[in-house]
Structures are given as C-alpha cells and as structure tokens.
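Structure at a glance
The chain contents come next:
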Amino acid sequence: MKKQVGLMLMIILALTFVLSACGSKSHDNTNNSNKGGNEGAASPGTSGATSKLKIGMATDVGGVNDKSFNQSAWEALKKVTADTGAETKYLESKGDADMEPNLKAFVSEKYDLTWGIGFLFTDAMTKVATENPNSKFALIDAEVDLPNVESVSFAENEGSFLVGVVAGLMTKTNKIGFVGGMEIPVIKKFEAGFKAGVEAVNPEAAKSMKINYVGDFSKPDLGKQAAATMYDAGVDIIFHASGASGNGVFNEAKSRKDAGKDVWVIGVDKDQSLEFGDEITLTSMMKGVETAVYKVSTDLINGTWQGGKVVTLGLKDNGVGLPETSTKNVPADVLAKVEEYKQKIISGEITVPVK
Amino acid sequence: MNTMRKIFDKSSFLVPLVAIILGLICGALAMLAGGYDPWMAYTALVKKLFGSPYDIGEAIRAITPLIFTGIAVAFAFRTGLFNIGADGQFLMGMTGATIVGVTLDLPWYIHAPLAIIVGGLFGGLWAALAGYLKAARGVNEVISSIMLNWIALFLSNYIVGTYLVMEGQQKSKPVHESALVSIKWLSESMGNARMHWGTLIALIGVVVFYVILWRTKKGYELRAVGLNPNAALYAGMNVNRTIITSMFISGVFAGLGGVFEILGVFGYQTVMAASWGYGFDGIAVALLGGNTPIGVFLGAVLFGGLSYGSAGMSFGANVPPEIVRIVIGSIIFFVASHGLVKFFLKPFMARRSNKGKSEGGSAL
Amino acid sequence: MDRSTTAVELKGITKRFPGLVANDNINFELKKGEIHALLGENGAGKSTLMNILFGLYQPEEGEIWVNGKKTVIDGAGKAIELGIGMVHQHFKLVQPFTVAENIVLGNEPSKFGFLKYRKANQRVRDLSERYGLKVDPQMRIQDITVGMQQRVEILKTLYRGADILIFDEPTAVLTVQEIEELIEILRNLAAEGKSIILITHKLKEVMALADSVTVIRRGKVIRTLPTSETNERHLAELMVGRDVTFEVEKSKKEPGDVVLSVDSLRMKGDQGKQVLDGISFDVRAGEILGIAGVDGNGQSELIYAITGMRGVNGGSVKLNGKDITNRTPREVSLAGISHIPEDRHKHGLVLDFTLSENMILGSYFDPQFGKNGFIDFKAMDTLADKLVNEFDVRGSGIHAKARSLSGGNQQKAIIARELWKNPDLLIAVQPTRGLDIGAIEYVHKRLVEARNEGKAILLVSFELDELYSLSDRIAVMYEGRLMGEVDADHRDDQQLGMMMAGDASAVAATEGRK
C-alpha cells in the first residue's frame, strides 16, 4: 500500500517536472515573418523592404531572458524581423566553452550576420572571424579588430555624466553612492562619468562619494549588502552598474522606502523603473543596445554595413541616455539642466573622462 | 575476471538503457506539449552531433571534462565518499595549470607535462583537504568539499585577477605556446574544432580508475574501506589515511579535467562569476554510469553529447534548449529511481516469463 | 476439528523463491492459550512461514484459517486487524521517542490532531500492569535496556489488540536474567488467554517454555509433538536430521607458557566513563580462558584494546613477553594474534567482497599475494580454494559475494582465515552467535582442536553452556573489571549469575571453596 503511494508520488513528481519545465518556456527562438499566415500574406503589401537575409545572435551565459543586454539585443532582432522580414535566431551559451561552437553554428548555416552579445565573446569571435573571413560578425561592448567584424561600444561615461547631474542636483543628504560590478575598464567608465557629472553640479557631494565594487555581476546579495552600508552612512541616491547584483540594490532601497526613508536608485542599461517601479527608481542610464543592434542589422540589409569598424555610440547617436519615464521623479528644472549638459557634451564643450 | 563480470552484469546495462529511453520519451512528450516536433528535434540533435567533423570534434571537446569529473566522483563513491567538491578541484586544476603555463617559459617537453602535473596536484591536494578534515576531525566530506568549491572559485579568481591578469581584461595572460596541448593537425582536419591530448588522457584515466580499484592492493584497501570501514579497521587498514588517499586521487582526476580546459581549449583563464559546473555534472555522469569505468565513460558521452547537441535541436527544430535539459533531467531521474524503471520493466519481464511458461505448457 | 479451540491453522502452505522451496506443503496448528514453538535451523523456513502469517509474503498454495475463518492476509495491516502481532528479532522502535510514544505510534489517542500524552501514558501503564510487563512509559527508548525494549515491542502488539503473538528469536539479544523474565512474561500472556508462536532454534527454551513444538527442516514439517513427550536430544535429532553431540570432547591438559599477559588495562569510553577499569589476566598456551558477563560490561572494549582497534589509557598488553600496548591492528595481527570478531557483518567480513577477497582481508599486503602494489588474484584464489575445502565452507563458490553465504558458512570462512594465520593467540568473541546446531558443533570442535595444538584461546561468550563446555578457566566481567574466576569443572549457574550481576559476596564464596 505504502509502496504504491510512493510510486504515484514519483509519477506525479515526474509529470510536474516535465510539464512545469515546458510550461515555463513557450516562446520560439526564431523570428520569421513568413511563418505566420497573416503576417506572411500581409508583409509583401505593407512593407517594401522584404529581406531574405538571416541574422543570428549568440547570447552569453545570461541567456535571452536576462532582462538586460541579451534580452535587449533579441528585442532588437525581433523588431528587425517585423520590419524587414529577415530571419533571425538565437543560441544560448551555457558556458564559456559554448560561445565558439555557437558562433560557428551560425557560420556553418550560412547566416549573413552573427552577433556576439557581450565582451566575453572577444576571444571566441576573434578566432571564428579569423577562420571565416567571408562571414560577417558584430560584437557588442568590446572590440575585435578584423575587417569582417563590426564592434559596437557605448560612451557609458557620457550617459553616466547625465545621471550624475541628476543625482548631484537631487540629493538631500549631499551623499551619493556608486555600486559597481567588477572593477574592469567598462565599469570604470560608468564611475568616471558619473563622478564628473556630480562634480559639475555639486562638487561637495562628489568629494564624499561612496564607491563600492562588489566583484560580481550576478550576486544580488552582495549588491544588497553594499547598498545597505551606503544607506546607513547617509547616502540617499545610489547609481549601480552591476548587472544582476544591482537587483539587490533595488531590493534594499525598496525595504528602506517602505520604512519611510527617502532613498533612490539610478538604474543601468535599461529603463529599470519598468521592472522595479517608480517609487525607488529615480532614473536610469540607458544603454542603447536595442538601438545599436537594430541599426547595425538594418545597415546590413540596406547594404551600408561597415566591417572592421569600431562604432562608439554616444549621446549624439542616442546610444546612451535617460528614459522618458524620468519625468515622473525628476523635476522639470533638473531635466532642463540635464538637457543643457547633454548639448554641451554633444557640442564638445565638455569632454567626459573615461577613467 | 570475476570482477569484470561483477562490473558488467546485465541489469546494470538494462536499467540505464531503459531509463534513457524513458527520458527520451518524456522529452518527446514535453516537446509535443510545447508544440514542437520531437522526431525532427531528435534528428537535428543527432545531425548536430555527427553532422560535420567540426561538430564531432567539439562534441568530443564537450565530453572530455565530463569523463574526468565523472571518474572523480565515481572513484570517491567506490571508496564510500561523496566528493561533491569535484567542481572546486576542477577549478584548482585550471588555476594550477594556468600558473605554470603563464609564469614559466620552458621547452614544451617539460612545460606541458609540468603544467599538467601541477594542475593535477592542485586538484588532488584540494580534495585531500576535505579528506583530511574528515579523517582528522570527522567533518563530513559533503559539507567541507561543497564549501571548498566556493573557496576554490574565489581563490582562483583572486590568483588570476591579481597575479596573472592581462591588463584591462578579466582574464589571465595567455598560456605560453609550449604548455598548450592542442592537437593542431587534428583540429585543422576537423574544421578547427578544439581538439587536445586531454581526451586521450581522459580515456587513460578511465583505465587507471579500473586498474587502481580492482587490480592493486591500494584499490583493495580503498574498496574495503568504502564497503565496510569497520571491517577495514579490523583488518589492520589505516582507514583515515585511506580516506585522504581516496580524496586525493579523486581530486587529481577532477583537477586534470580543469587542466585540459586551460591547456587544450582556452589557453587562458577568465575571472569567473560562477563555475562551469562540470564537477556537478560529474555527479550526474557517475550516477548514470553506475560508478563503473565503462559506465562513467558512456555516461559522459551521453551527457556531453546531449548538452552539445542541444544547440542542434534549437537550430533544426527551434526547440528551446530547456527541453534538452528536460530530457537530460528525465534520464537522470529515471536512472536514479531504479525502482521506477524496474516497475516499468516488470510487466514486460513477467509477460515474458509467463509466455515462456504457457508456451512450455502448450507444447506438452 | 474443533474450531473453537484453534487460533491459527495453516493448511498446505507452499512458498517458492527462485531456486528454493522455502515452505513445502506446511501444515501448522496453534491452539488458543498455548505456547507453540517453531523449531528449525537457520534457513529451514520458519521466518518465511511466519512472514506469510503476518501478511508480508503471499503463499503460492495453501489456506490460512484464523479463529475458525478462512482468510487472505494481504498485508501487515490485515494481520493486525485479525489480532496477530509480531515481535521482531530486530526491534522496530524510534530511539528518541518515549516508551509510550512508541507504543501508541500509528494509533495515537488524539484530539483535534493533538496527541494526548496523559491518556497514552495511562493506557500503557494499564497494559503493563495487567500483563506484568514492567516499563516506565516516560523513559526514552535510547535510555532503556534491550530487555526493556523487547517488553515495549510486546506491549506494542498488545496495545493493538493482538491475541496471537509471534516471537521471532526473542532470546537472541537477552541476558540470562532477562531470559528468565521473558519466560515469566510469556507464561503470564498464555495464562491470560493469548496464543503464542515462538520461533527459535534453541532447544533449551523450547523445553522450558513451550507446550508443543513443530520441527521444520528444509521447508518441510518433520513432526509436531507436545514437549512433554520429547527431550532436547530428540528434538536436535529431528531438527538436524542426525544424531548430535552436545558434549565437546576435551581432554585435561596442562597449560604451557604465558602467551597473553594483560596488566591493569584501562580505557575511557565515549562518554568519558572508564569502560575498562584495571583488568589483569594471563592466557597460557594450550588453554581456553572464557570471559563471562552480561553484554555491555566492557567485553567488547577489552577485545578492542587487545587487538589495537581502540587505544587504552593505562596498563599494558604483552604477547609472548613483547609489549603490544596501543599498537595498530596490523601490528597486533602480525605479532601473532588472530581474532574472530563478535559481529561478523560489522567487522569480520566485507559482505560485498567475494569470499575469495575476504580470505586475504588481513593479509593482502603480504608479498605472497602480489608484488609492486598489484594483487595476485591467482594466489588469492588458490588460498580461498584451499581454505574452503579444508573448512567445508559451503556456498556458490569462492567468487560469490560473502553476503550470499549463510551465517554458519560466513563464520566458518572467518575461522578458516584466522586459523590459517597460525596465531599464538586466538580471540573468539561470541563465535557461535546466530548459528544453528550443526555449525555450533563444528566451531566448538575447531576451537578445541586449536587449543589441543597448543594455541592460547581467549573466548568471550554470553552463552553459559558454551563457556562451560569449552573453557579451562572462566573469568567474570562486570562494569569494566574482572569479578574473579569460577571453577569451569563445577557448574554453578546461581553463583555465576550473581557474579555477573556484580554481587561481591558471590566472589568470596568461590575463593572459599578453592
């Protein structure tokens, strides 16, 4: 009797296991406008630019649902498909060792352009692009100096400058914090730009700015700890550039806010107010991954793709900037000030440091 | 020869085989439920594995570290220890190899072997630490070795990030050419797949695993301690020393797995946010293979092959890689629950024997 | 047949296992209020039959009648419902629970999901008073003696309303005094109208306790008869199938030089208690020194100390004049001590090794079993073949796992291995525990042979018969000390029992008689 119950339990367990696993994942990893009947019939009429091109992207270990880079890039490719009819597809890398075969998979399937998302792809892409000089590649957030690779990076320092202006003007305690992921050049750019922005409007706060590198991009607990220390020290605005570790910063801010404290977080990469809410998200330093991926991909379709180039997208290209939702928490006069600095940077009147 | 028979008895093959089939069926059901074509997906999986020389090569590359961690876990298991810390030992192996590969500059016939030996020792000593804690202080090796995993991760990151780091990067300087163990001619003939001598060493490792345990006096001791530590003590064996030895050997296997990822695949070591999990996959591989040498080898081939081929399922049938994880998960689930598989087998077995009986009866 | 006086009737029960007919057309009848012994050697099919009655196995053929009704018992639940209770040889108790909690487990008096402790304790107290089973309901199982635990098991079955009680080898784990108490308990139960089946292979118990006895040999019922019409020798013959000698042929022999000399040996236990508290004795060549005592008075620790399996914190052990105190087990073994351990499954054998592998357990490192770190399997098998033939170890060959052998053959294999080492001192702890008559006879013969060859033998046993028939001298151990020696030639159970219970006046009595 007991045995049978145990067995039933096992079977139920097995079924739940299987069903829940497939329930959680119902989306497709291919976009193809010719697949859906309606869409396919409609597209030749509505859109002039139908493309037979195939564009692939390999994610890093974060996967396509990382609410960050990989996801933004995939959103962009979905848009490319919707607008041009090009076929797009992604492959997730489960580890560093997978990156190379994933790039290679697109090459061997004769994809017209293969994206590597994130600086971790630098070596794998160098190797695969060297071996396959006739295939085209594009890389986000790092540089590969080869004629068949277009590297896209961002002027994070410029965007960070602007959120620095916001923080410098809006702090009430005159104490501002910065939480970084790993102490690497790309994150240093955030810190340098941010500090310069604060300094431009509030030199006193810049001098006492608290900086903490948690050493990891995927440890919310570390982010939470760092934020708690800063808030305890009287900091009221924290800018984080620490990937998923930053989720902990938001989490800490939320619990403080609930306890009636007036604290804020400035998000990074995406408009993080959409995920963590307006109550704690002051604004975000948006990185235009989506814009970049869309632009480079459509360049290829339009025949204006530039291999061998390193494109740095700054304020003037809308590659970095503040989201429109900022108006909710940032008063108009502060935003005006931000706009003023933005123009100064674009015009070259101000040069934002990178480290 | 008797030991051979013991290792390869019939049911030890039948149960995993049926488990694999049940796992594949479960995966197929999952795919059907998600609206994918299982047949197409499995075809694509097979095509991905054997489709081109490059893919065959890369699949072998993916399987190699699993053989190492698989025998590491299985070896410890045979001696009554659960080495859940193969992951940390793997990392220490990587770090040891990177240190020697980056900092020293020696002729290749010294440099590569030295890097391999140092990496193996790093892994072995790291595991021996857990063994020592158990022997001297009675600390359960499951707890100590899993905690040592984290220490290994951060220690490796510290060493790489502080002493070996390439300016402005999150990885070490490249390992000197003389320490690399890639097989150039083979890679070139296989579409530049990352082939290296580590695969051969892994196969030798499988043989060594067998020879140590079932052919040597040390292995006799190790197995006795594993099966019955009280009897081992009674027979005059030094149980504590044996525990340390066993963990050391297990750790060397895991460490070598890490060594060849550095010397054979990457040529440098990155500062990692999380480990690659080969050590934990090794537990699944050991389980799949019933802790036997051949079983572990086949388990690694299956596990590594499925993981690598999963990209093919994404490509060929648009099946998300999660489904492949369901297949792998189901197979392990069914292998682990022997009882369940035997339950599924029972009606077939019973019918067969009944049939035999009734046929016998009617013939009379 | 008079159904009203029959509690259980088994008719034509047949149960087959692969390659074995465990029960072959067995007929068995238990009358109400009687104590009926089921006697047979290990593996004769007693336990199988009782597991069928308790619903754990299903017979292929035959009928079960309980209280005059034909029934199918398809599980322990059904058996309990029918009023059948079983007291297993290995108790199934939850150690950290109290006596009362264990007894009511599975059938707790509760209200709104809360256990009513007071009610449980009261019920247990009532039951224990009614049947004279003295227990304290609030003690924890881990704190009470084995005999007490057995009473808890009995109470468990009574609490569930059992009228038919099955006892599986109930005396195997008990001391002399506890056995006497158990006998008393069983008589009380029978007087209260309970019907009792006693599974055993001990003839003495059958004669002392049972009203009737059914002898089983190789799955078949040999005879059922009232105990008043038989005696031990007759039962043994029925059980084994041939004439059995109880007396061990042992000639008087003048002992030789001192082989083992133990001097004021002290050892601390896990809880800091002095488990060995200054023990001194000698064993000479050609003599058997028996150590008597109730289990748990330091006998095991004494042996661990001599063999090096545990360290001592005082005193010395000398073998042939050489100090071997606190040496490793291997050094002790090489010095010339062989050891037949108390628990053959725990210490004596690696059950999942082959018989052949087990034969070199203490000597695998010797160069004769291979050089350069490798094992010479041929040499190993050659030894195993030789020992198996010489000591008549029966099983499915030297390449079968030790686990597959019967207890007797496992013990024979250990004795073979230990004697093969040709030791100066042989330590035998409980060498016949759980063995059947034939095997016991064999083990005793071998031990006496070894003595006659001039080996010194240290024998630890809880069986008084064994001690008296084998030993040249008997020392009694109590709480880590030796109480003194008794005369091995003049048996006096009363006096021995008092010494084993730590009564110092009994010691004086012996001294006086000397």
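Residues numbered from 1 in each chain as written. Chains lettered and ligands numbered in written order. Predicted model: local features only at pLDDT ≥ 70, side-chain atom pairs only at ≥ 80, totals over all residues. Heavy atoms only, no water.

Here the focus is the packing of helix α4 (residues 96-108) of chain A against helix α4 (residues 53-78) of chain B. Look at α4(A) against α4(B): their axes get within 11 Å of each other, and the N-to-C directions meet at 170°. Considering their axes alone, α4(A) and α4(B) lie roughly antiparallel with respect to each other. Contact residues: α4(A) offers Ala97(A), Asp98(A), Glu100(A), Pro101(A) and Lys104(A), while α4(B) offers Tyr54(B), Glu58(B) and Arg61(B). Here the residues of the contact of α4(A) with α4(B) are counted per class, giving three nonpolar, no polar and five charged. (Axes fitted to C-alpha atoms, helices over the stretch in contact; angles between N-to-C directions. Helix = DSSP H or I, 4+ residues; strand = E, 2+ residues; numbered from the N terminus. Parallel < 35°, antiparallel > 145°, perpendicular 65-115°, else oblique. Contact = heavy atoms within 4.5 Å. Nonpolar A, V, L, I, M, F, W, Y, C, P; charged D, E, K, R; others polar.)

Okay, the UniProt feature "domain: ABC transporter substrate-binding protein PnrA-like" (unreviewed entry) in chain A next. Under the UniProt annotation, "domain: ABC transporter substrate-binding protein PnrA-like" (unreviewed entry) lies at residues 57-354 of chain A. Along residues 57-354 of chain A, the helical share is 46% and the strand share 18%, with 29 Å between the first and last C-alpha atoms. (UniProt positions renumbered as here; feature names shortened; annotations may be inferred.)

Attention now goes to helix α12 (residues 289-302) of chain A. Over its 14 residues, α12(A) extends 20 Å from the first C-alpha to the last, a length consistent with the 20 Å expected when each residue adds 1.5 Å. Taken together, the buried positions of α12(A) are Val289(A), Ala292(A), Val293(A), Val296(A), Ser297(A), Thr298(A), Asp299(A) and Leu300(A). (Expected span 1.5 Å × (residues − 1). Buried < 20%, exposed > 50% of the residue type's maximum accessible area, 1.4 Å probe, protein only.)

Attention now moves to the pattern of salt bridges. Scanning the entire structure with this criterion turns up 50 salt bridges over all chains. A salt bridge links Lys218(B) to Glu221(B), with the nearest nitrogen and oxygen atoms 3.2 Å apart. With Lys218(B) and Glu221(B) both in helix α10 (residues 217-227) and three residues apart, this pair spans about one turn of that helix. Among the charged side chains, a salt-bridge network with shared partners connects Glu100(A), Lys104(A), Lys127(A), Glu131(A), Glu58(B), Arg61(B) and Arg194(B). (Salt bridge = Lys/Arg side-chain N within 4 Å of Asp/Glu carboxyl O.)

Further remarks concern the domain arrangement of chain A. Residues and elements named next belong to chain A. When the domains of chain A are assigned, the result is domain 1 (51-154) and domain 2 (156-286 + 321-347). Taking only C-alpha atoms into account, the centre of domain 1 sits 30 Å from that of domain 2. Of the residues lining the interface, eight residues belong to domain 1; the matching set on domain 2 comes to seven residues. Its largest share of buried area at the contact with domain 2, domain 1 owes to Lys67, Phe119 and Phe154, together 59% of the area lost on that side. Where domain 1 meets domain 2, there are zero salt bridges. At the boundary of domain 1 and domain 2, one finds two residue pairs in polar contact (both at pLDDT 80 or more). Here the side of domain 1 that touches domain 2 gets three residues from one element, more than from any other, and that element is helix α3 (residues 69-84). In the side of domain 1 that touches domain 2, the residues fall into three nonpolar, three polar and two charged. (Domains from an automatic or database assignment. Buried area = accessible area lost by both parts, 1.4 Å probe. Polar contact = N/O pair within 3.5 Å; in protein donor to acceptor, adjacent residues only side chain to side chain.)

Scanning the model with the defined rule gives 26 aromatic pairs over all chains in all. Ring centres of Phe75(B) and Phe209(B) lie 6.0 Å apart, and the angle between their planes is 55°; on these two criteria the pair is classed as tilted. Of this pair, Phe75(B) sits in helix α4 while Phe209(B) sits in helix α9 (residues 198-215), and the two are 134 residues apart along the sequence. Each member of the pair, Phe75(B) together with Phe209(B), is buried. A cation over a ring is seen here: Lys171(B) above Tyr268(B), with NZ or CZ 4.5 Å from the ring centre. Across from the ring centre of Phe391(C), 4.0 Å away, lies the NZ or CZ of Arg446(C), which sits over that ring. (Phe/Tyr/Trp six-rings, centres within 6.5 Å; stacked < 30°, edge-to-face > 60°. Lys NZ or Arg CZ within 6 Å of the ring centre and 35° of its normal.)

With that out of the way, let us pick up the interface of chain A and chain B. Each partner contributes residues to the interface: chain A has 40 residues there, and chain B has 42 residues. Between chain A and chain B, roughly 3400 Å² of surface is buried when both sides are summed, and carbon and sulfur atoms account for 63% of that area. Taken together, the links from chain A to chain B amount to two salt bridges. The interface formed by chain A and chain B contains eight residue pairs in polar contact (both at pLDDT 80 or more). Here the side of chain A that touches chain B takes nine residues from α4(A), the largest share from any one element. For the side of chain A that touches chain B, the residue count by class is 18 nonpolar, six polar and 16 charged.

Turning our eyes to something else, we now look at helix α6 (residues 108-137) of chain B. Taking 1.5 Å as the rise per residue, α6(B) with 30 residues should run 44 Å; its terminal C-alpha atoms sit 42 Å apart, in good agreement. Of the residues trailing α6(B), Gly138(B) is marked for its positive phi of about 75°.

Quick look at the confidence of the model for chain A now. All names here are of chain A. Per-residue confidence for chain A averages 83 on the pLDDT scale, and 86% of its residues sit at or above 70. By mean pLDDT, the top-scoring element of chain A is strand β7 (residues 176-180) (95), and the lowest-scoring one is helix α2 (residues 37-46) (35). Every residue in residues 33-48 scores below 50 in pLDDT, and together they form nine contacts with partners more than four places removed in sequence or on other chains. (pLDDT = per-residue confidence, 0-100.)

This part covers the pairing of strand β1 (residues 6-17) of chain C. Residue and element names in this part refer to chain C. In terms of residue burial, β1 counts as a mostly covered element, since nine of its 12 residues are buried. The pairing of β1 with strand β4 (residues 61-66) spans five bridges and is antiparallel. Along β4, the bridge assignment pairs Thr14 with Glu61. (Pairing = 2+ DSSP bridges.)

Turning next to the domain arrangement of chain C. One frequent convention defines the size of an interface as the accessible area lost when the parts assemble. All names here are of chain C. Domain assignment breaks chain C into domain 1 (3-240) and domain 2 (258-346 + 423-513). For domain 1 and domain 2, the distance between their C-alpha centroids amounts to 34 Å. When the two sides are added together, the surface that domain 1 and domain 2 hide from each other amounts to roughly 870 Å², 56% of it contributed by carbon and sulfur. The tally of links between domain 1 and domain 2 comes to two salt bridges.

Moving on, we come to the side chain of Ser144(B). Residue and element names in this part refer to chain B. Turning to its location among the elements, Ser144 is positioned in helix α7 (residues 141-163). Ser144 sits in the buried class, given a relative accessible area of 7%. When near neighbours in sequence (up to four residues on either side) are disregarded, Ser144 contacts Ala130, Leu133 and Val139.

In this assembly, 22 residues from chain B lie in contact with 33 residues from chain C. Area buried by chain B at its contact with chain C is led by Lys217(B), Tyr220(B) and Tyr234(B), which between them contribute 37% of it. The partner of Glu357(C) in a salt bridge is Arg223(B), with the nearest N and O atoms 3.0 Å apart. When contributions to the side of chain B that touches chain C are tallied by element, the ones reaching two or more residues are α1 (2-7), α9, α10 and α11 (229-234) of chain B.

In globular proteins that are soluble, nonpolar side chains generally tend to be buried together. Ranked by internal contacts, the top residues of the largest apolar core, which has 224 residues, are Met57(A), Trp115(A), Ile140(A), Phe178(A), Phe194(A), Phe239(A) and Leu263(B). Among the elements that take part in this core, helix α12 (residues 239-266) of chain B stands out by supplying 13 residues, more than any other. Counting 48 residues, the second largest nonpolar core, distinct from the first, contains Tyr131(C), Tyr159(C), Leu189(C) and Leu225(C). (Core = buried A, V, L, I, M, F, W, Y, C linked by side-chain atoms within 4.5 Å.)

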